[in-house]
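# A look at the structure
Okay, here's what each chain looks like letter by letter:
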Amino acid sequence: MEPLAKNKVVITVAQTGAMSSKSMNPNVPEQPAEIAESAYECYNEGAAICHIHARGKDGLPTADTDIYQDIHDRIRAKCNMIIQDSTGGGPNLSQEERIQCLKTGPEMASLNMGSLMRIGGPYKGTAWSNLPEEIDHYVKEMAKYNVMPEMEVFNHGMLVDVRRVIKEGLVKKPYYVNIVLGMRYQGAEPATPDTLYSIVKSLPPDTIFNCTGVGSMQTPMATMAMLLGGCVRVGLEDNLYYTKGELAKSNAQLVARIVRIARDLGKEPATPDEARAYFGLTPVAG
């Protein structure tokens, strides 16, 4: 791990997600070629990390490793972004299906640090399960494939398992925590400055943090995270709109806005290789 310069910020783009769809915003990329082209546009705007959800030809979340590999290969052919796969998957995927993507060699993968309850949509009343034993299984699989966990927390209580996996030696320094705020789930905390500041101040030592604000709070939360010295995530997975009533034209448009704000704050987007050094990841050849 190398320190990140104070005038740098690591930007992640979450392009697709499990629930966003073209019916909600026609600019959501779903198929491998779309995802790779969008990733390249975001890279050119300043994103260092690409957070990936794969979709089948029917547009639904899939665990198909061939599709994940296709996405990875297409992105690698265009640029050297850090590839971060989701193990949140989608509500149609089983626990074991959700971690199949690890076999395709991402550098990072999300590790959800607790359970939430869905309160809307066709899966209303079903739990998004991430029990302690499931977390342990996922993190051990990540270690087997040399994948860095991006520990996602949606409330203060999930820090209990963050501290536990650190104490048990299941994750290595530097620890990476993504604070996700504003999700429409029972158990998720709101996207407010007080919530973000409180969680940041509660993080264990040697933790790099990222903030993901959902919906209209994407830009405000990202701005506050930068002021607090953190990394940021933007993209159509978390926010379909550019302004109220105006759908975002692309993921790159959302990345470009946060880069403009970063520069107004005296920061520059970190390159993928600068981010790799910060996280202690192996440089990508070529």
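Preceding this section is the structure that the text describes.
Computed from a predicted model, the values in this text were never measured in an experiment.

### Section: the overall build of the chain
The helix and strand tally for the chain stands at 9 helices and 15 strands. Over its C-alpha trace the chain gives a radius of gyration of 17 Å, about what one expects of a compact globule, namely 19 Å for 286 residues. Each principal axis of the C-alpha atoms in the chain carries an extent, and together these give about 45 × 40 × 40 Å. Per-residue burial over the chain gives 58% buried out of 286 residues. When contacts within the chain are restricted to residue pairs at least 6 apart in sequence, long-range pairs at least 24 apart make up 72% of them. Distance between charge centres in the chain, computed from 29 positive and 33 negative side chains, equals 4 Å.

### With respect to the sheet that holds strand β3 (residues 49-52)
Taken together, 8 strands build a closed barrel; the order of strands is β2-β3-β4-β5-β8-β9-β11-β12 and the barrel is parallel. Adjacent strand axes in the sheet meet at a mean angle of 25° when their direction is disregarded. Lying over the sheet, helix α7 (residues 218-227) contacts β9 (175-181), β11 (207-213) and β12 (231-234), oriented at roughly 165° with respect to β12. In the packing of helix α8 (residues 251-264) onto the sheet, the strands contacted are β2 (11-14) and β12, and the crossing angle to β2 comes to about 155°.

### Focus: the sheet that holds strand β7 (residues 127-128)
In spatial order, the strands read β7-β6-β10; together these 3 strands make up an open sheet with antiparallel pairing. One side of each edge strand has no neighbouring strand; the edge strands of this open sheet are β7 and β10 (185-186).

The rules behind each value
- Residues numbered from 1 in each chain as written.
- Predicted model: local features only at pLDDT ≥ 70, side-chain atom pairs only at ≥ 80, totals over all residues.
- Heavy atoms only, no water.
- Helix = DSSP H or I, 4+ residues; strand = E, 2+ residues; numbered from the N terminus.
- Rg over C-alpha atoms; globule rule 2.2 N^0.38 Å.
- Buried < 20%, exposed > 50% of the residue type's maximum accessible area, 1.4 Å probe, protein only.
- Contact = heavy atoms within 4.5 Å.
- Lys, Arg positive; Asp, Glu negative; His and termini not counted.
- Charge placed at Lys NZ, Arg CZ, Asp CG, Glu CD.
- Pairing = 2+ DSSP bridges.
- Axes fitted to C-alpha atoms, helices over the stretch in contact; angles between N-to-C directions.

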